[in-house]
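# Structural overview for review
The chain contents come next:
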Amino acid sequence: VYEGYTFRGFLDFFPSQANQLIDGVLQQGNRINTQLANVDRVEVLKGPSSALYGGGAIGATVNIIRKKPSTQPVYDFSAAAGQWGLGRSAFGAGGRLSDRASYRVDIGGERKDGYRHNETTRVQVAPSLAWRLGDSHQFNTYYTFNRDHFAGDAGIPVLPSGAFPAVARDTNLRTPFDFARVHDHNLQFAYARQLNASWGVRNTFSYRPVKDHYLVTEYLSMTSDRDVYREFLQFTHYRKPVTNLAEITGNLGGRMMHKVVAGWEVQRFGNRTDTTPGGGVIDAAGIDLFDPVESQTAPDTTIVRERYTTQTTNAFYVQDNLVLSDRLKAAVGGRVDAFRWNRYDINPLTRAQGPTTTRDANALTGRVGLVYQPSSRLDVYGSFATSFRPLTQAQPDGSSLDPERGRQVELGQRLHVMNDRVQVTAAYFDIVKNNVAFSRPNGVFAQVGEITSRGLEVDLSTSLVSNWRVNGGYGFTNARFGDYQVDDTTNLQGNRAIMAPRHILNLWTSYDWASGLGINVGVRAQSDMVVDDANALTVAGYGLLNLAARYRRGAFEYALNVNNATSTEYFSSALYQTQLYPGDPINVVGTLRIRLR
């Protein structure tokens, strides 16, 4: 149901390790798996970017860029079908409404049963408009509506011995009453004006009301070698984040060239969460793992608590990119965040209001970096950055979590040769984070005193000839717990961080013939990884081979994708450190695309 990332050794299941932006606006709350019908591209900025994108943006920032209005007429249609009941379609159109106005509209839908019988139905509608007012005013409006219905899937629990049970890998132990339904409205207004040759202003206003209704058998554990204990998690979130981002940009000359960005970001994140007794945790009927006969009846979902939270952030930031000489450049930035959070509960039957809990936090974060260019083909750089993020989650007893803090040192180089047809980038990073929070069953959070992550990343991008491209990357990550005091007698210092393989390799190549035929070959591999803090459970590494062929003729394109061509058995993710998600075996998807320009 939800989207998370692992960047440079840090698992991000809820928004605490990496930022996600949509067209530059920070997203708060649960991140629903992204629908792609209106997405133009996904930008991943690895490394420190806290000065511009928030105090937590030290591992990485993900920016989802939506398709924009076009002044030229464009019409796109696609339809895809694949295994396990997959059906997907999308339509997009754009063009000129007048001399100064243009539009874009995208509509998409998807229906699938899924390899693991986790049925999904998704719909997206996304219109956008752009106006130019005079020669220097630009006004854009974007609206996206997503409706997502998920059946739910909590993976397969491991046996008390730590072994994966001998059951079919598509086994899904949810009840017939499980569901997750999300209605998401995302509205943005963006204004930009170039004041003169040096200075410009821009302002983006965002309002994103979301209803997230969730009842899923989320927690599974083995009480014996075959008996599974199950537990529902229930909540309904009514989220109403309002964000305004105002910036001024400047290009200044003199003895040194300056490219300055200064801004003020204000966000008011209001949320109401309705839950059943026990904070939404509901016992479910147990089930036999090897002979799963369902006995669960409709659970009692009577709402007994409305929890209201309001989070207000005011942030001021500035960054200056300086040209110190022909060979030396610098970037210096800082950000001040003023954070206020309050929460109170209301009994929906009596409307009695409980006490209000308030939390305040202020922090200064920043970064500094240098780029040295000893030749036209080589860039060498280094940077230092800090991060700070107040955590809004709370323990079941109402106690708050300590703010997360971090710092990162990064050194790297970029080599570009053969008229920039070959680029090789390498980076060494050293990250330390304190008070990193991990979700546990029953709404509990564990905080790690310290996690360190050191590693090396190498990226290769080549286009030796116009019709042949090769892209690849390798990452080595050594992420370990520093001070992690579990109880009075146990400290997990030195253990590997969860869901952080030490080695990751990917390679992708594409070749096109003049006839319109093209092929793609992709390889992705990773070493083993641990999925629990005690490092008692390790899942094996794996390698996946993906193949694709396509044929273009005029406005038509026919494509065939073969994913996991060798049908490798692997685990794609884990939940609560004991529940594993097997990845899909070999599967084939056929797609028809029509593009009219």
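For the structure itself, consult the block above.
Residues numbered from 1 in each chain as written. Predicted model: local features only at pLDDT ≥ 70, side-chain atom pairs only at ≥ 80, totals over all residues. Heavy atoms only, no water.

You can see Asp153 is positioned in the loop between β11 (137–150) and β12 (156–157). For Asp153, a relative accessible area of 15% corresponds to the buried category. A distance of 2.8 Å separates a polar atom in the side chain of Asp153 from a polar atom in the side chain of Arg116. Looking at Asp153, its side chain comes within polar contact range of the main-chain nitrogen of Gly155, at 2.9 Å. Other than its neighbours up to four places away in sequence, Asp153 contacts Arg116, Asn118, Asn172, Val216 and Tyr581. (Helix = DSSP H or I, 4+ residues; strand = E, 2+ residues; numbered from the N terminus. Buried < 20%, exposed > 50% of the residue type's maximum accessible area, 1.4 Å probe, protein only. Polar contact = N/O pair within 3.5 Å; in protein donor to acceptor, adjacent residues only side chain to side chain. Contact = heavy atoms within 4.5 Å.)

This part takes up the pattern of salt bridges. Scanning the entire structure with this criterion turns up 35 salt bridges. Between Asp23 and Arg66 there is a salt bridge whose closest N-O contact spans 2.9 Å. Of this pair, Asp23 sits in the loop between β3 (19–22) and β4 (25–26) while Arg66 is found in strand β6 (residues 60–66), placing the two residues 43 residues apart along the sequence. There is no split in this pair, since Asp23 and Arg66 are both buried. Across the salt bridge formed by Arg335 and Asp337, the nearest N and O atoms sit 3.0 Å from each other. (Salt bridge = Lys/Arg side-chain N within 4 Å of Asp/Glu carboxyl O.)

Here we come to the pairing of strand β32 (residues 556–563). Taken together, the 7 bridges between strand β31 (residues 542–553) and β32 define a ladder with antiparallel strand orientation. Paired with Arg550 across the bridge in β32 is Ala559. The turn linking β31 back onto β32 is made up of 2 residues, and Gly554 within it adopts a positive phi angle of 65°. Inspection of the sheet shows β32 paired to strand β35 (residues 587–596) by 8 bridges, in the antiparallel sense. From the neighbouring strand, Asn561 faces β35, where its bridge partner is Val589. (Pairing = 2+ DSSP bridges.)

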